[in-house]
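A structural walkthrough
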Amino acid sequence: MAGHRRGGGPRPSRLRSVRAQLLAPIVVAMVGLVVLGSVQTATSVAAARDAGHARTLSETAGSAALFVNELERELAETAALQQRGGKSGFSLVAAQRARTDEAASRFFADAADAVDAAPALATPVRVAGSNYGQLHFTRQSLDNGTATMVIVTDIVYGGLADALLSVADAVPGQIQDTELQKTARALAAMAAMEHYSAVERDLLRTVFGRGNLQPGDLGSLSQVQGARAQREAEFRRVATPAQLSRYQEELHGTDIDTADSLSASARNAERDSSSLRVDPDAWFVAQSGVIRRVNIVTVEIANALATRSDQIAVNASRLAWTTGLGTALLGLAALAIAIVLAVRTARRLNLLRGAALQVARRDLPDAIGSVTAGTAALAPSVMDSGQTAAEVTRDIAAVNDEVGQVAEAFGTVHRTALRLAGEQAELRVDVARMAEVLARRIRTLITRQLRLLDEFERDETDPDALARLFALDHLAARLRRNGENLLVLSGGEPGRPQTTAVGLGAVITAAASEIEEYARVEFQPADLAIVGPVVGDLVHLLAELLENATAFSPPTEPVQVDARPTPEGAMIRVHDRGIGIVPARLAEINSRLAVPSTLSSAAAGTMGLHVVSHLAARHGVRVHCRPRAAAPSRTSCCRTGCSSTSAPCPRAAAPTPGRSRPCRHRPRDRCRSRPPSARRSAATSRSPPRHRHRYRNNAVPSRSTSR
């Protein structure tokens, strides 16, 4: 229900509503949850990305080891063909070259993805690609006999194998996972061990074939065996217990012992030249067995690396999705629960608010109105939900929570307010009735006093005494008007009915006759008449305005009254020349004139304004004060839609000098006959009257004998 805010201020911010205050902690917690979930999700996504990169790098390391193995086998087949001479066995070399090229294609495909994941691998991959580009020309040279095996082994095949091992050694440094990093190092170490075993096989095969040592052969052999021993020590340091156990299990057997003994005999050739009398093919077969066993372990480690990297990548991806979806679902669930609770609480509070407004706007005014009117109490009004305010309050209080307790407390306040409002209304009605009774009694007494004064005035011929009687008569008329003011404020009728239209000049004259400074009132004639039912109250209303104008303006300045017709009826203006009123006070007065107030002690100080507002509201008359533009004075405007009539305003003769005085009564009063001319002449000859009229072109209605 709109419009219930005090002072008509703006609507409260939605951020200050109960719903917003209930949702705020949940939203803050949810934001924190979303932030933490986002961080966790980002961490999981990063872990999944690293796992994906690790999988790519692991595949690159495995393909590099496979490429080295196939390259060493091609070198062995090529060397065997060169030693045998001729073209016998070339098909074996061609088949091995095809396997080497296939391994190369796989390696460079994996290396391209690895470079995207780890740009640091770009240099060793580029070197390997450059060396592999020379392999085709080298093969042709070997087939044509234009190149020797020594140059080919050292430069082309050796350079390509070293480049591939550099790639395998660089891969572990680009992997974040510690377990995968160690496995990749173990794989690189096994690939290097296999390469050095192949180099040792080719070197000793040549030495055993010659039957003697060339300068530098033992140095090269020692260098190769030292490098192999170093990589084996690295493998033992980074390998897992399972990998180390598998390595020891695989590199154990007769062929391993045979290869070790033949290699040891080559190292003792300087002391015993007969130790070089070894069948080269026997050595080749024994060392090839060692290489095969090393390759088996290498392949197993490569497969284990690929499998573990796939598993980590899948787990990381699954964790990322689970974290993201879990965070989103948890946040949505928390938000949904918060919204449901907030909407439920806000709806109950809105219902309670609607019930409070229903009581304040309908139930209490209806109860007070029924007491004031003296009718039976009305049934409680029904809200939009089809329930009364009491029923809504009981339903809310049925849920024993904080809102229900507030509803229960409001129900108690509701019942107490209705009881107190009824009692206050009854008390106000009693006071108003008492005031009305007292006002009527006072008016009856003053009416009797006025009748006595009329009798005294008719028998008095002394001008001074007559003037004093006129003053008492006028004071009694003012007392009667004050009694009628109390009657109006208490809701009673003054009891001055009028049925025929009366000229506006007579109405203003009658109003002026009821104030003390009637002689200062000047009226500009207007051809207007007032309908009968409005005359009595309009005279009373104008009397209050004229008394206010004369009281708050200089005693030497006149109070001017003018009137003119308007489309709605007529406008009567009362002009005074007071010191003026500040705008705030003027606005307060106009608001008091616009809205009638009840009888209270506050009305005593400004009774005239309250009486004017009541009389104006009774006949739809609009009264307001405004400053004049010409001077710091005030104009009271009275606009009414009930005052115009097509009948011309009746005019009377000008007032007669002498004892004539403004009439205190309404135009409905019967005019009494004037005193005999002799008496009037005698009175006039003694002294002039104290008060004389200043009304122009208006007759003063004569006094009535009945009041």
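Described below are features of the structure shown in this document. (Residues numbered from 1 in each chain as written. Predicted model: local features only at pLDDT ≥ 70, side-chain atom pairs only at ≥ 80, totals over all residues. Heavy atoms only, no water.)

**Observations regarding empty space enclosed by the protein**
The condition that has to hold: A 1.4 Å probe that fits into a set of points on a 1 Å grid over the protein atoms alone but cannot get out defines a cavity; an open set with protein on both sides within 12 Å along at least five of seven lines defines a pocket, and lining residues are those with an atom within 4 Å of a point. Grid points are joined across faces, edges and corners, and a volume is the space filled by probe spheres set on the points. When residues are sorted by character, Ala, Val, Leu, Ile, Met, Phe, Trp, Tyr, Cys and Pro go into the nonpolar class, Asp, Glu, Lys and Arg into the charged class, and all the rest, Gly among them, into the polar class.
The final tally for this structure, using the stated rule, is two cavities of 30 Å³ or more. Reported here for the second largest cavity is a volume of approximately 30 Å³. Every residue lining the second largest cavity is listed: Leu 203, Leu 204, Val 207, Leu 213, Asp 217, Leu 218, Leu 221 and Ala 266. Looking at side-chain class alone, the lining of the second largest cavity contains seven nonpolar, no polar and one charged residues.

**Quick word on a nonpolar patch on the surface**
The line we're drawing: Patches in this entry comprise residues that are over 30% relatively accessible and not in a salt bridge; like charges within 9 Å are linked, as are nonpolar side chains (Val, Leu, Ile, Met, Phe, Trp, Tyr) within 5 Å. Residue burial considers only the protein chains on display, and all accessible areas are found by Shrake-Rupley using a 1.4 Å probe. Salt bridges are defined by distance alone: a side-chain nitrogen of Lys or Arg within 4 Å of a carboxyl oxygen of Asp or Glu. Where helices and strands are cited, they refer to DSSP runs of H or I of at least four residues and of E of at least two residues respectively, numbered from the N terminus. Three labels apply to residues, based on accessible area from a 1.4 Å probe with only protein chains included: buried if under 20% of the type maximum, exposed if over 50%, partly exposed otherwise in between.
On the surface, a cluster of nonpolar side chains totalling about 440 Å² of accessible area is made up of Leu 427, Val 431, Met 434, Leu 438 and Ile 442. Checked against the element boundaries, Leu 438 lands in helix H12 (residues 402–459). The class for Leu 438 is partly exposed, based on a relative accessible area of 43%.

**Quick notes on the packing of H12 against helix H13 (residues 463–489)**
Operational definition: Simply put, an axis is a line fit to the C-alpha atoms, just over the touching stretch for a helix, and the angle between two N-to-C directions goes from 0 to 180 degrees. Each angle receives one of four descriptions, namely roughly parallel if under 35 degrees, roughly antiparallel if over 145, roughly perpendicular if within 65 to 115, and oblique otherwise. Left-handed describes a crossing whose near helix is turned anticlockwise from the far helix by less than a right angle; the clockwise case is right-handed.
Axis separation between H12 and H13 bottoms out at 9 Å; the angle between their running directions is 165 degrees. Relative to H13, H12 is oriented roughly antiparallel. For the crossing formed where H12 meets H13, the hand is left-handed. Along the lines of polarity and charge, the residues of the contact of H12 with H13 split into 15 nonpolar, three polar and eight charged.

**Some words on the packing of helix H15 (residues 532–551) against helix H17 (residues 607–619)**
The criterion, for reference: Any two residues having at least one pair of non-hydrogen atoms within 4.5 Å are treated as being in contact.
Look at H15 against H17: their axes get within 9 Å of each other, and the N-to-C directions meet at 155 degrees. If you check the angle between H15 and H17, you find them roughly antiparallel. Taken as a pair, H15 and H17 cross one another with a handedness that is left-handed. The residues of H17 that touch H15, namely those facing Pro 533, Val 534, Asp 537, His 540, Leu 541, Glu 544 and Leu 545, are Gly 608, Val 611, Val 612, Leu 615, Ala 616, Arg 618 and His 619. Classifying every residue of the contact of H15 with H17 gives eight nonpolar, three polar and three charged.

**Quick notes on the nonpolar core**
It is characteristic of soluble globular proteins that their nonpolar side chains tend to be buried jointly. Selection rule: Residues grouped as a nonpolar core are buried Ala, Val, Leu, Ile, Met, Phe, Trp, Tyr and Cys residues, joined through side-chain atoms within 4.5 Å.
Ranked by internal contacts, the top residues of the largest apolar core, which has 71 residues, are Phe 107, Met 190 and Phe 235. Among the elements that take part in this core, helix H6 (residues 178–210) stands out by supplying 14 residues, more than any other. Excluding residues within four positions of it along the chain, Phe 107 makes contact with Thr 60, Ser 63, Ala 64, Phe 67, Ala 128, Leu 164 and Val 167. Counting residues in each nonpolar core, the second largest holds 43 residues, with Ala 510, Val 521, Ala 549 and Val 559 among its members.

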